Every structure is written in structure tokens, then in C-alpha cells.
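# Chains, contacts and geometry: an overview
Below are the chains, spelled out letter by letter.
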Amino acid sequence: IPVMEQIGVEDYKKIDVILGGDLEGLSYGDIFKPERSASFKFVLAEYVSKEEGTGCVHTAPGHGQEDYLTGQRYNLETVMPVNSKGEFYLDKAIEFKGQHVFTANKNIVDKLQHQGNLLYSEQITHSYPHCWRCKTPIIFRATEQWFMDIDNKDLRKRLLEVIKKGIQWIPASGEERISGMVQLRPDWCLSRQRYWGVPIPALACNGCANEFLDSRVIEIFAEAARKEGSDVWFIRDVNEFLPKDLKCPKCEGKSFEKTYDILDVWFDSGVSHQAVLKKREELDFPCELYLEGSDQHRGWFQASLIPSMAIDNKPPFKAVLTHGFVVDGKGQKMSKSLGNVISPFDIIKDFGADILRLWVAASDYNEDIRISDEILSRLAEAYRKIRNTARFILSNLYDFNPDTDKVSYENLRKIDKWILKRLENAREQITSAYDNFEFYKAFKSIYAFCNEELSMYYLDMVKGRLYTYAADSVQRRSAQTVIYEILRVAIRMMAPILVFTAEDIFRCMPKEKNDVSVKSIHLADWPQKNHVFAQEGVTTENNIESELRPIIEMIPAIAKALEEKRSCGMIGSSFDAKINLLTNDENRYTFLTSLKEELPEILKVSQVAVTKTGKSVSGAIEINKADGQKCVRCWNYSGLIGKDTEHPLICDKCLKAIGEK
């Protein structure tokens, strides 16, 4: 038998086997006071193990949650002989009264040994709760507390219903997580015994020791607290809070003293919506979003939801977003001892505040968020691409007045309409990402639009129009109209993330009359759908995006072919080339021919020819040296260079440009 081996007894006889269930309900006497026979009884508990010891242990309902629940199940008396100082104080403690519980341990063992009631004793080491701050072992005591009844007036049921149907949980798994916690949570213990905090204005009757709350006392205290702070409860005399006709609800006594329990700090933070949202006219109740770490499903989110449903029968928030925690580049928790802590102030000093915000926005907060100098450097590079795109646009709007210089949508080139359609697509994606709090998707779409659609395609295509056409020409004003519309929408979409950069751009860019009065980009309206740019009413097969898709899809192949010609020395710049597009398809030939005036700009070459051939080809590309001579002004080749004696080195388009305003 393990217990006999443990105490070192080898010579023993096994008399009988008794099951624990056979002992249930039997009584036994008090070994300290033999005259108290049959004072206690045997009970059963699933958490008692027979692997060590006898499998029979003492149960103290006043000194632990499991024992307390067992005591409730068997209707045992909840005795609490230990006071708030950790000392025995009831007469039931016999000669140990006044001793600290840890000091009394040895004395209790000594008495049992002296009585001859102790078979064996030893010191053991086992897992035991300790204070997280001072590491002192915790003494569990059953004490009277103030509770919030979670099932009163179907509160738990209403909580579960609103969690499921009335709140957006981001990510969606948060709903199941908090539902499970609310389903199983006990009543809320609202009182704490500490020397600081918001007091619970309860009174204790000096006649019968009954503690109670009275709504009139609460109102008197609340009015005093508004003027002097909550500490007024501790400072003022109790009689200053008493209505004249106050009586104890139990014994009708009229002599009282204050109690000194404080509210659970989770209740303080949980009812913040009452003090903040309801007291400020500029705020809404419920608010749009509560945001915290994923551990707050058990904490702040419940602490806020429960009183709000109890008071207003609606949640204090429309949506709840939870995020992971910040770790270093290797995924390790940040710790001073590991030396891997990165200060936000150091990031701002080295990279700027917008890079710090960009790091947050670019992170998928559903998981732990990594940060390192390498990650920040990559984001700084992405930021520069966005910023440089805006700088390029600004540098080409210096003489543009949107109220007088805009070109109508009908007069724009097809590539202009194409990029405006792409802008609408990006606006829709980014708006949806923000609405769903998917900030990393918003950043990804902003970056992709600036880096790909704009820098790699459109802005590179229209440089010629912006740089070489006459200042007031329709062609140049068309390009300016488009980049102005792009910038106007783009800075509004990047403003929540790149707050300072967006503000700088807004101050520098030209503005329409409607925007002149807007003092900050952060006070501007969010960009709404432009039905014209979106080509609303145009079928998907016929809209500008679908129309130009065959050409746009050709660009990578053409760029590769141009690079090959550049490598072999046939051309230098892409403007040295002439592209011949071959096709044996009548419809494709007609389509390409209709774009003949725009193809050189789209493909960034001097000349484009479209040739219909009887050969079995479709989409074939030929690249040759451009015809004519190179214009020193626009770098395009032309057969008309030298025709003008005054300007023999420039092409006919440039002649027209310098001849116009």
C-alpha cells in the first residue's frame, strides 16, 4: 500500500477494503475536543486523488472554492476562523487563537503528536497559488461580498442573445469565445478589500451587524462625490450620508457605521461608457468599436457588456476587435532581460510616426505582430514609394486649377478612363477593408495601386503629355485632370494610416472651391462612389477595363522584348523602337487600329504599327528601330524632323507645343 510504504511501515495487516461511497454521510468526532462526538461527516469529492496518501482528506468550505462548493452540496457549515490579517480569531480555534495560520501549522502538528493522534507528518512541495507581485502564498478565506446576479431578469440570456445577433466580432471567432465564457461565468463579485478605490457606500448596522445598501445613501454619496471625489466616503462622518428616517432593514436599528469595501476595478472600467459616451454630445452610444487584446474577452469586454445590458438593455459597442501581441522579429515575447524591446519613441525618432502607424496597419492583428528593424526598413521603403508617387503627381499639378482647367470625362483618352476605373476599384476595396477593420488589406491595396497601376503603368505612360505638350493643351490638361482626381481620392484613403503625410499633401495640392474651406484632410469627407468613373450602367464586357485588358496584358511581353533589343544594342531608350503588332484576326485588327493614336503612349515607344497578316499568328510582336530622327525635346522619333528651319531638331508635335500658350 503506497501510504504504508511512504511512512516506512513494513509490518502491517490488511483488514478490509471500504469504498469511499460506503463512508458517505457517516459521522466522526473532533480530535481536539473528544467530547464533541459525531461533529463531522464524510463527504465525496471528485477532485480528491487516491494516488498519494490515504485518499481521505479534510474539507474546509471556508478555505477554497472547490471545498466551498462541496460544502454547499452537502450543506456543511462554512466556518471562517481566520481574520483579514491571516490570524485565527474565533473561539473554535482553541489555543491557536491569535496565531498566524502559517505559524500555527507547527503548533497544530505538535498538539496532534502530543495527543497520540498523528501517524506521520512531513514537509512536501506542491503547486500553490502565490501573489503575482510579492510572491507570497495566498490564504483563501470565505467572506461576505457584494455580488451582481448574472441571471436576474434573464440577464445572462439577454447577454448571449446580443453577443450572437447584436455585435460584430472581429475576428468572428470572438463571438464563440465570449459566448462560452458568459454561459459558464458565475455571479460577478463586485467588492474588494483594499485600501484604495471607489467605495461601495454600504452601511453596517451597529445593532445586528447587517450590511445593506440604500438608494438614498447612494444618491447623497454620489452628489458629494461629484463635488469632492469618491474619497469623500472615507473622509466624511457617516451621519452626513444618512437620511433622517433610515432604519436597518433587518432589525430597524438606527445606529450605523460605514463599510470600507471598494468596487472591483473591472467594474470601474466596465461602466466607463456611462461616464464617457453618455456625457459627451459629440460621442455616440453605443460607440462604433471597442479594441483590445484577445485576453479581454474575459475582462474588459464582459465588464463593459454586462452593466450596459443591465442598465440600458443594449451593448455599449457595435463592434469588438481583438488583436495579438507584439513580439520581436523571431516571434519571441519582448523582454528587457532578452534585450529585444523596441521603444515606439526610437521608431519615431529613426523612421517617423507615419512608419510606426504603417507598421501597425500593415500587420495582420489576428496573430501576434512581429517587429524588427528589418521589418521597419521594408515598410519605410514601401512608404517611400507611396510618398514619391504623390510627389510626382504634385510636381505636375503646380499650374492646375481644378475649377477652371478640368477636362470633361468624354474628352479624356481611353487610358485616362482606364486608370479612373482602376481608381474606383481601389476605392471600393479600400473602403470595404476599412469598414471591416482589415487595415492590412487597406494598406496592401493603397500600396498596390500606387506602385503598380500608377508608377509602373499610368504615370510612366503620361510623362510625355505632362512634360512636352503645351501647358494649356487638352492632352496635358486631361492628364492633369486624371492625376488630380487620383490624388484627391488617394490622400483621403491613406489619411487614417499616413496621417502626417496625407496632411502635408493636402496642404500642397490644388483644391476645388468645395475643398478650400476644409482645414484638414482629417476633416474632409470620405470619397464616395463616382458613378461616371465606375462606368455604372456599362456592361462588364464593354467597360473600359475590359476593352483595354488585351493591351495591358501585352505590356509585360513587350517590355521583355524591348529589353532583349536593348541588350543586343539595337535600341537604347524604349522610344528608339517601333512596334509592329501582327494579327490574322479581323476583330483584333479593327480593335488595335482604333487605338493606333494611343498605343505609342500606352506602350511607351515612338511608333506602333498594326499589320493584318494571312499567317497563322495572333498577338505576335515585331520590334524594329523607329523610323526617322530622334526629337531632342520629347525623345520620340519622327520623319518630319528638320522640316522647320527655325527649329530643325524637334518634331511636329513639339513645334505645335512651343507655338501654343
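In this convention, every chain numbers its residues from 1, walking through the sequence in written order. Local features are withheld for residues below a pLDDT of 70 in this predicted model, meaning they are given only at 70 or higher, and side-chain atom pairs are given and counted only at 80 or more; totals for whole chains, interfaces and linings count all residues. To obtain the side-chain values, all non-hydrogen atoms of the structure were used and water was disregarded.

## Details of the packing of helix H14 (residues 373-395) against helix H16 (residues 439-461)
Their axes nearest at 10 Å, the elements H14 and H16 cross at an angle of 50°. Between H14 and H16, the crossing angle belongs to the class labelled oblique. Regarding H14 and H16, the two cross each other, and that crossing is left-handed. In this structure, H14 uses Leu379, Ala382, Lys385, Ile386, Thr389, Phe392 and Ile393 to contact H16, whose residues at the interface are Phe443, Ile446, Tyr447, Cys450, Asn451, Leu454, Ser455 and Leu459. Broken down by class, the residue content of the contact of H14 with H16 amounts to 11 nonpolar, 3 polar and 1 charged. Axis geometry follows a simple rule: fit a line to the C-alpha atoms, using only the stretch in contact for helices, then measure angles between N-to-C directions, giving values from 0 to 180 degrees. To qualify as a helix, a DSSP run of H or I must reach at least 4 residues; to qualify as a strand, a run of E must reach at least 2; elements of each kind are numbered from the N terminus. Roughly parallel means an angle under 35 degrees; roughly antiparallel, over 145; roughly perpendicular, 65 to 115; everything else is oblique. Whether a crossing is left-handed or right-handed is set by the direction in which the near helix is turned from the far one by less than a right angle, anticlockwise for left-handed and clockwise for right-handed. Any two residues whose heavy atoms approach within 4.5 Å at even a single point are treated as in contact. Side-chain classes follow a simple rule in which Ala, Val, Leu, Ile, Met, Phe, Trp, Tyr, Cys and Pro form the nonpolar group, Asp, Glu, Lys and Arg form the charged group, and the remainder, Gly included, forms the polar group.

## Examining the sheet that holds strand E7 (residues 203-205)
Taken in spatial order, the 3 strands make up an open sheet running E8-E7-E9, and their pairing is antiparallel. Two strands close off the open sheet at either side, each with one partner strand: strand E8 (211-212) and strand E9 (256-258). Whether two strands pair comes down to DSSP finding at least two bridges between them.

## A word on empty space enclosed by the protein
The definitions used throughout rest on a 1 Å grid laid over the protein atoms alone, on which a cavity is an enclosed set of points accommodating a 1.4 Å probe that cannot get out and a pocket is an open set flanked by protein within 12 Å on both sides along at least five of seven lines; lining residues are those having an atom within 4 Å of a point. Grid points are joined across faces, edges and corners, and a volume is the space filled by probe spheres set on the points. Scanning the entire structure with this criterion turns up 2 cavities of 30 Å³ or more. Size it by volume and the largest cavity reaches roughly 40 Å³. Taken together, Ile386, Thr389, Ala390, Ile393, Cys450, Leu454, Ile486, Leu487, Ala490 and Met494 make up the full set of residues lining the largest cavity. Breaking the lining of the largest cavity down by element, the ones donating at least two residues are H14, H16 and helix H18 (474-494).

## So, the packing of helix H21 (residues 544-567) against helix H22 (residues 586-594)
In the contact formed by H21 and H22, the axes pass within 11 Å of each other and the chain directions differ by 85°. As judged from the angle between their axes, H21 and H22 are roughly perpendicular. Along the contact surface, H21 presents Glu547, Pro550, Ile551 and Met554, while H22 presents Arg588, Phe591 and Leu592. Within the contact of H21 with H22, the residues separate by chemical class into 5 nonpolar, no polar and 2 charged.

## What about the pattern of salt bridges?
We count a salt bridge whenever a side-chain nitrogen from Lys or Arg sits within 4 Å of a carboxyl oxygen from Asp or Glu. Taken as a whole and assessed by the stated rule, the structure comprises 38 salt bridges. With a closest N to O distance of 3.3 Å, aspartate 214 and arginine 216 form a salt bridge. The exposure class of aspartate 214 is buried, given its relative accessible area of 15%. A relative accessible area of 36% places arginine 216 in the partly exposed class. Salt-bridge contacts for aspartate 515 lead to arginine 488; the nearest nitrogen and oxygen are separated by 2.9 Å. Of this pair, aspartate 515 sits in helix H20 (residues 513-516) while arginine 488 sits in helix H18; the two residues are 27 residues apart in sequence, bridging distant segments of the chain. On the accessibility criterion, arginine 488 (23% relative accessible area) is partly exposed. Only protein chains enter the accessibility calculation, which uses a 1.4 Å probe. A residue is then buried if its area is under 20% of the maximum for its type, exposed if over 50%, and partly exposed in between.

## Digging into the sheet that holds strand E11 (residues 287-293)
Read from one edge of the open sheet, 3 strands run E4-E12-E11, paired in parallel fashion. With partners counted over all chains shown, the strands left at the sheet margins are strand E4 (168-170) and E11, one partner each. Taken over all neighbouring pairs, the strand axes of this sheet differ in orientation by 15° on average, direction set aside. Relative to strand E12 (residues 317-323), E11 is paired through 6 bridges, and the arrangement is parallel. The residue of E12 that forms the bridge with leucine 289 is alanine 319.

## Details of the side chain of glutamate 512
Within the secondary structure, glutamate 512 is located in the loop between helix H19 (499-508) and H20. Looking at glutamate 512, its side chain comes within polar contact range of the side chain of tyrosine 484, at 3.0 Å. If we skip the residues at most four places from it in the chain, glutamate 512 touches Pro402, Asp403, Lys406, Tyr484 and Arg488. Polar contact criterion, stated in full: a pair of N or O atoms within 3.5 Å, where within protein one must be able to donate a hydrogen and the other to accept it, and residues adjacent in sequence count only if both atoms are side-chain atoms.

## Brief notes about the nonpolar core
With 94 residues, the main nonpolar core has Ile419, Tyr458, Ile551 and Leu603 as its most contacted residues. Non-local contacts of isoleucine 419, meaning those with residues more than four positions away in its chain, are made with Phe449, Glu453, Leu454, Tyr458, Val482 and Ile486. Formed by 29 residues, the second largest nonpolar core is a distinct cluster that contains Leu155, Ile178, Leu263 and Ala303. Take the buried residues of types Ala, Val, Leu, Ile, Met, Phe, Trp, Tyr and Cys, join any two whose side-chain atoms come within 4.5 Å, and each joined set is a nonpolar core.

## What to know about the state of the cysteines
We call a pair of cysteine sulfur atoms a disulfide when they lie within 2.5 Å. Considering all chains together, one arrives at 0 disulfides under this definition. No disulfide involves cysteine 508; its nearest neighbouring cysteine sulfur is the one of cysteine 450, lying 17 Å away. Among the residues examined, cysteine 508 registers a relative accessible area of 58% and is labelled exposed.

## Some details on the environment of valine 632
With respect to the secondary-structure elements, valine 632 resides in the loop between strand E18 (629-630) and strand E19 (637-638). The exposure class assigned to valine 632 is exposed, which follows from its relative accessible area of 53%. It is 51 Å that separates the C-alpha atoms of valine 632 and phenylalanine 345, two residues lying 287 residues apart in sequence.

## A closer look at the packing of aromatic side chains
Only centres within 6.5 Å qualify two rings of Phe, Tyr or Trp (six-membered ring in Trp) as a pair; their planes then separate them into stacked at under 30 degrees, edge-to-face at over 60, and tilted for everything else. Under the definition given, this model contains 20 aromatic pairs. Look at phenylalanine 234 and tyrosine 260: their rings are 6.1 Å apart centre to centre, the planes differ by 15°, and that puts the pair in the stacked class. Residue phenylalanine 234 is found in helix H8 (residues 232-235), and its partner tyrosine 260 is found in the loop between E9 and strand E10 (262-263); the two are separated by 26 residues along the sequence. What makes phenylalanine 234 partly exposed here is its relative accessible area of 29%. By relative accessible area, tyrosine 260 is classed as partly exposed at 46%. Through pairs of rings, three or more aromatic residues link up here, namely Trp169, Tyr290, Trp300, Phe301 and Phe317. Only lysine NZ and arginine CZ atoms are considered, and such an atom sits over a ring when it is within 6 Å of the ring centre and within 35 degrees of the ring normal. Over the ring of phenylalanine 506 we find lysine 511, and its NZ or CZ is 4.7 Å from the ring centre.

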